[in-house]
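Chain and residue survey
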Number of protein chains: 2
Amino acid sequence: MRQVLPFILCGGAGTRLWPLSREDFPKQFHRLTGSETLFQQTCRRLAGRPFGDLFVLTNHRHRFLVAEQLEEIGTPAKAIVVEPEVRNTAPAACIAALIAAKNDPEALILLAPADHLISDDTAFVSAVESGMTAAEAGALVVFGVPPDGPHTGYGYIETESGTSEVRKVIRFVEKPSKEAAKGFLDSGNFYWNAGLFLFKAAIMLDLLQAHAPEILAACRKSLDGAREDPTFLTLDSSYAKATAISLDYAVAEKAQNLRCAPLDAGWSDVGSWSALWNVMEKDQDGNVARGEGETVFQNTRGSLTFSDRACVLIGVENMVVVATEDAVLVASKDQAESIKRAVESIKANCGLALDHTRIHRPWGWYQMLERGDRYQVKCIMVKPGGKLSLQSHRYRSEHWVVVGARWK
Amino acid sequence: MRQVLPFILCGGAGTRLWPLSREDFPKQFHRLTGSETLFQQTCRRLAGRPFGDLFVLTNHRHRFLVAEQLEEIGTPAKAIVVEPEVRNTAPAACIAALIAAKNDPEALILLAPADHLISDDTAFVSAVESGMTAAEAGALVVFGVPPDGPHTGYGYIETESGTSEVRKVIRFVEKPSKEAAKGFLDSGNFYWNAGLFLFKAAIMLDLLQAHAPEILAACRKSLDGAREDPTFLTLDSSYAKATAISLDYAVAEKAQNLRCAPLDAGWSDVGSWSALWNVMEKDQDGNVARGEGETVFQNTRGSLTFSDRACVLIGVENMVVVATEDAVLVASKDQAESIKRAVESIKANCGLALDHTRIHRPWGWYQMLERGDRYQVKCIMVKPGGKLSLQSHRYRSEHWVVVGARWK
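Residues numbered from 1 in each chain as written. Chains lettered and ligands numbered in written order. Predicted model: local features only at pLDDT ≥ 70, side-chain atom pairs only at ≥ 80, totals over all residues.

Scanning chain A from terminus to terminus reveals 10 helices and 22 strands. Relative to the globule expectation of 22 Å for 408 residues, the C-alpha radius of gyration of chain A, 23 Å, shows essentially globular dimensions. A principal-axis box enclosing the C-alpha atoms of chain A has dimensions of 65 × 55 × 40 Å. Within the span of chain A, comprising 408 residues, buried residues form 46% of the whole. (Helix = DSSP H or I, 4+ residues; strand = E, 2+ residues; numbered from the N terminus. Rg over C-alpha atoms; globule rule 2.2 N^0.38 Å. Buried ≥ 20, exposed ≤ 12 C-beta atoms within 10 Å, placed from the backbone.)

In structure tokens:
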């Protein structure tokens, strides 16, 4: 049987998991549910049969995180493709198809977001396998999660009714009203769009040629001019000319041969703190404590803490408490999704919404420990073999104290 | 008219305002309600007529905080008396009486806790003045706050009924049942015990001689052996032999000539986070934000934040959120008083309940910035003219970087 080449998309910013997830360190790179990050879990899920070499598409800002987290789990990628600017999924799919087609235009590609949780890997593989026949026959295959409630925040896929597992797609419906969502739930022919795509490289290139030729042209050029080094394949700046549009809008909605494979594998987009609470194992009071700090729940129910320091909750119900080095969030679980407005307001005043105090670099990371009047103290971690750029400052006096060393 | 010598008692630990207030830095030394600490507000309130020289009684652990905070507001004390061990208010009253009696056995003394809030200083002075006549006539005067609710956490004072302002005390009632407290409220002859005492030095010594002679003996000895330096008057170790008992139990309940002066001056013991919320000015949604961090209230009502970092509350009601460098508290306002149990549980596991990361010393303070494997980074602030003890370490390598200087 033919292999599937997994292309993992790491583009999401995940601002709804603020203050943990930020633009410079979004949710897919955090250890949200266990000892591995969502990105690492995704990589593991896409290793072994029927999957072939792993490809990762990431943006400039997160490339070192990607390389570091891949190294951590000992899962090398065939290529880490770096986008010089964030576009959307249509250009990403185009790059994936162009790369795969170089070796084999008939290659099957699975485009998979890095920031979703899937609890049942076996069921996931079965779902992919069930879609492979249709994809080999030339279909663009999307994956549909059987809805367990009238969620209004997701995109829906309507399929033809019938008994076959993989069905023809009738239409996409983006974020329906509550009433419409309830109807969808009853009909049995509606699925949540999990954002996963399975297709043949040549078919995707045909579709792009037909529906988004300027994306195809820009991506082809950016790949031709790409710069390759031992770690990254960096697309050239013409990539920025590709329209930032989703694969759903640019291609999928217009494709004739569109199929939906059901994905019943414990899927969650972990799109909010309450979604994280939903998927976590809870104690007898429905509480979950994550993060490094010790947590005490006293007379508290249905709550989630994610704290880097000691955390005490007293007489609290259905609450989310997140504490990081520079911010605290306390939100009612049922309003955790409306965090965007508050973050905008914080963003207007400072960089808190964007950056963590620890900044990742190719050679390691640095973290601000203290900043005062005309001085600052940083902790710098240089990875074994890592190399900082040479710099000198005319109006700065630097004092370096080595507190630990390990040699490669 | 005779003067009143104020003796401020700084002994409280204020664990119910954890994680801000801790044993090493209790609530009276925090800027809870404004730009001055409760201790500083108390010192200001007890300056000017009818008050004479200021005396402060503090324990060993907090003596530098006392000296520093007095200096900050430019209010020197006649003496900062240091207890080598924490006792209770009876030994403190005894020390106050002994010190005052040295100059004048007829001197009037006001014993005042440093950790209470009084919003109306003029009314406070009037209350003290109203008690002075009785005290000069030989009475032990306590101050009673007209209760504004059936509070079960306070001690009550029952007085004779009548029209005179200062009335004879019938009895003390410690923490009554809800039902009893309701009855007290209706009777009109019950007051909350504000923990303030006004008396003549000689009268207190007589009372102690009669009811607690061993406290008098131990205190006399500790004062005879006291060590005086330019800043502190440190009692000698015999002070530890004085029974740790409150003035209420040891003397007041047994005194024949006991009077209660009403204190209607916006008194609060700030004994919990909800008590602090009560006394603070709130926005139109009933929210209060204190601390250095920016706070965003979104769809939030009746809540208090006290945070050293950015803080976002979403969809929250009647909640207290306190964030410090090493701990976060989220508590329903109506359960904020039951914090002790949670703090005990935290205490069992680490020092969080006791110490802040910033430690105050006579010469300034130091704060842990970072601690790792066999290294730590501290920020050290030496006050102008301050002097650290000379130390050398055989197995430690120290690197000092001076990042700022100011000379005395």
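Of the residues lining the interface, 43 residues belong to chain A; the matching set on chain B comes to 44 residues. Mapped onto the side of chain A that touches chain B, the elements with two or more residues apiece are strand 15 (295-298), strand 17 (310-314), strand 18 (319-323), strand 19 (327-332), helix 10 (339-349), strand 21 (364-372) and strand 22 (375-382) of chain A. Split into classes, the residues belonging to the side of chain A that touches chain B amount to 25 nonpolar, 12 polar and six charged. Judged from the five bridges that link them, strand 17 of chain A and strand 19 (residues 327-332) of chain B form a sheet pairing that is parallel. Residue pairing across strands places Val312 of chain A opposite Leu329 of chain B, the latter belonging to strand 19 of chain B. (Contact = placed C-beta atoms within 7 Å. Nonpolar A, V, L, I, M, F, W, Y, C, P; charged D, E, K, R; others polar. Pairing = 2+ DSSP bridges.)

Moving on, we get to the relation of the copies chain A and chain B. The two copies are related by a screw operation: chain A maps onto chain B through 180 degrees of rotation and 0.0 Å of translation along the axis, at an RMSD of 0.1 Å. Here the copies are linked by what is in effect a two-fold axis. Taking C-alpha positions as reference, the residue of chain A nearest the rotation axis is Leu369 of chain A, located at 3.1 Å. (Least-squares fit on C-alpha atoms with pLDDT ≥ 70 in both.)

All names here are of chain A. Where strand 20 (residues 358-361) and strand 21 come together, four bridges link them in antiparallel fashion. Opposite Ile359, over in strand 21, you have Tyr366 as the bridge partner. Between strand 20 and strand 21, which follow one another and run antiparallel, lie two residues.

All names here are of chain A. Assigned domains of chain A: these are domain 1 (4-268), domain 2 (273-353) and domain 3 (358-408). Taken together, the contacts link 12 residues of domain 1 with 16 residues of domain 2. In the side of domain 1 that touches domain 2, the residues fall into six nonpolar, four polar and two charged. (Domains from an automatic or database assignment.)

Backbone-to-backbone hydrogen bonds join strands into a sheet, with any given pair of strands oriented parallel or antiparallel. All names here are of chain B. The three strands are arranged 20-21-22 in an open sheet whose pairing can be described as antiparallel. A single partner strand is all that each edge strand has here, and the edge strands are strand 20 (358-361) and strand 22 (375-382). The average undirected angle you get between the axes of adjacent strands in this sheet is 25 degrees. Two elements, strand 21 (residues 364-372) and strand 22, share eight bridges in a ladder whose sense is antiparallel. Looking at strand 22, one finds that Met368 is bridged to Lys378. (Axes fitted to C-alpha atoms, helices over the stretch in contact; angles between N-to-C directions.)

It is a general feature of regular strands that their side chains alternate between the two faces of the sheet. Residues and elements named next belong to chain A. Burial runs high along strand 12 (residues 258-262): five of the five residues are buried. Along strand 12, one buried face is formed by Leu258, Cys260 and Pro262 and the opposite face, lined by Arg259 and Ala261, is buried too. With five bridges connecting them, strand 6 (residues 140-145) and strand 12 associate as parallel partners. Across the sheet, the residue bridging to Phe143 is Ala261, located in strand 12. Two strands pair when backbone bridges link them, and strand 8 (residues 167-174) and strand 12 are joined in this way by two bridges, in the antiparallel orientation. Within the sheet, the bridge partner assigned to Arg167 lies in strand 12 and is Cys260.

Once that is clear, we can look at unusual backbone geometry. Between Trp18 of chain A and Pro19 of chain A the backbone carries a cis peptide bond, its omega angle lying at 5 degrees. Position of Pro19 of chain A relative to the elements: it lies in the loop between strand 1 (4-9) and helix 1 (38-45). Put simply, Arg49 of chain B and Pro50 of chain B share a cis peptide bond, and its omega is 0 degrees. Along the polypeptide, Pro50 of chain B turns up in the loop between helix 1 (38-45) and strand 2 (55-59). Although it is not a glycine, Asn299 of chain B adopts a positive phi angle of roughly 50 degrees. Although it is not a glycine, Asn318 of chain B sits at a positive phi angle of roughly 50 degrees. Note that Asn318 of chain B resides in the loop between strand 17 (310-314) and strand 18 (319-323). Since 19 C-beta atoms lie within 10 Å of it, Asn318 of chain B is described here as partly exposed.

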